[in-house]
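Chain by chain, the residues run as shown.
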Amino acid sequence: NLENHAEVEATTQAAAELGRRAVAGASGGATADSEGHTETAAASEVATQLDHVTAVAAPQANAANLENHAEVEATTQAAAELGRRAVAGASGGATADSEGHTEIAAASEAATQLDHVTAVAAPQANAANLENHAEVEATTQ
């Protein structure tokens, strides 16, 4: 009977832990996924700015090249910096997005394990506990 109580307690603790892991993992995964999308959106905005510099500002600066060499240099530097930021932002966003999906998958696995404990292991342990009580009662009688 004491062993059976210990088994029921262990099963209950396992279910509680899996539940906590499922909730924490889903929350962390969703947060990382959201951060990844945010970084990717920021990188897209930088890329849009780069397109503007390349298509509009650079040709305008080039037309003024004879009058203002400094403007051309500044525009070139801005385009290079925006390009670097676009590449770094897209990479960081994709990484965070991937990490978010990984955490969500782990949370889903924990939830599946919790479903198994709830649907199979806990009822089995409870049934064994009831049988054990009956056996103890019969032995006592």
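See the structure above.
Here goes a summary of the coordinates provided. Note that residues are indexed from 1 along each chain, following the sequence as it is written. Only residues with pLDDT of 70 or above have their local features reported here, since the model is predicted, and side-chain atom pairs are shown and tallied only from 80 upward, although totals for entire chains, interfaces and linings are computed over all residues. Neither water nor hydrogens contribute to the side-chain values; these are computed over all heavy atoms in the structure.

1. Notes on the overall build of the protein chain
Stated formally: Helix and strand assignments follow DSSP, with helices taken as H or I runs no shorter than four residues and strands as E runs no shorter than two, numbered in order from the N terminus. Here the radius of gyration uses the C-alpha set of atoms, whereas the globule reference equals 2.2 Å times the residue count to the power 0.38. Only protein chains enter the accessibility calculation, which uses a 1.4 Å probe; a residue whose area is less than 20% of its type maximum is buried, one above 50% is exposed, and one in between is partly exposed. Every residue pair with non-hydrogen atoms within 4.5 Å of one another is taken to be in contact.
A count of helical and extended segments in the protein chain gives two helices and zero strands. For a compact globule of 141 residues, the expected C-alpha radius of gyration is about 14 Å, and the protein chain comes in at 30 Å, more than 25% above that figure. Principal axes of the C-alpha set define a box for the protein chain whose edges measure 110 × 20 × 10 Å. The buried share among the 141 residues of the protein chain stands at 23%. Restricting to contacts in the protein chain with at least 6 residues of sequence separation, those with at least 24 account for 88%.

2. Things to note about helix α1 (residues 2-63)
What counts, and what does not: A helix's residues, less one, multiplied by 1.5 Å, set its expected span. Two axes define the bend at a residue: one fitted to the seven residues ending there, one fitted to the seven starting there, and the bend is the angle between them.
Under the 1.5 Å per step criterion, the end-to-end length of α1 is 90 Å for 62 residues, consistent within 8% with the ideal 92 Å. At V53, α1 shows its maximal kink, close to 40°.

3. A few points about the nonpolar core
The condition that has to hold: Residues enter a nonpolar core if they are buried and are Ala, Val, Leu, Ile, Met, Phe, Trp, Tyr or Cys, with the set joined through side-chain atoms within 4.5 Å.
In this structure, V46, V53, A79, L82 and A86 together form the largest nonpolar core, which totals five residues. Every element with two or more residues in this core is listed here: α1 and α2 (69-140). Among all residues touching L82, those that are not within four sequence positions of it are V46, Q49, L50 and V53.

4. Describing the side chain of N129
Tracing the backbone shows N129 in helix α2. Not counting chain neighbours up to four residues away, the residues in contact with N129 comprise N1, N4, H5 and V8.

5. Regarding the pattern of salt bridges
Put simply, the rule reads: Note on definitions: salt bridges are taken to be side-chain nitrogens of Lys or Arg within 4 Å of carboxyl oxygens of Asp or Glu.
Counted according to the given criterion, the structure contains two salt bridges. One salt bridge in this structure joins E17 and R20, with 3.0 Å as the shortest N-O distance. Placement of both E17 and R20 in helix α1 is noted, with a separation of three residues, approximately one turn of the helix. According to the relative accessible area criterion, E17 is partly exposed, its value standing at 35%. For R20, a relative accessible area of 49% puts it in the partly exposed group. Here E81 and R84 are joined by a salt bridge, their closest N and O atoms 3.0 Å apart. Of the two residues, E81 and R84 both sit in helix α2, three residues apart, roughly one turn of that helix. E81 gets classed as partly exposed once you look at its relative accessible area, which sits at 35%.

6. Description of the packing of α1 against α2
Any two packed helices are characterised by how steeply their axes cross, that is the angle between the axes, and by the distance between the axes. The criterion, for reference: Axis geometry follows a simple rule: fit a line to the C-alpha atoms, using only the stretch in contact for helices, then measure angles between N-to-C directions, giving values from 0 to 180 degrees. Note on terminology: angles under 35 degrees are roughly parallel, angles over 145 are roughly antiparallel, angles of 65 to 115 are roughly perpendicular, and the others are oblique. Crossing handedness is read from the near helix: turned anticlockwise from the far helix by less than a right angle, it gives a left-handed crossing, and turned clockwise, a right-handed one. Under this grouping Gly is polar, as are all residues other than the nonpolar Ala, Val, Leu, Ile, Met, Phe, Trp, Tyr, Cys and Pro and the charged Asp, Glu, Lys and Arg.
Between α1 and α2, the shortest axis-to-axis distance is 5 Å and the interhelical angle comes to 165°. Classified by the interaxial angle, the pair formed by α1 and α2 is roughly antiparallel. As α1 packs across α2, the resulting crossing turns out to be left-handed. Within the contact of α1 with α2, the residues separate by chemical class into 32 nonpolar, 23 polar and 10 charged.

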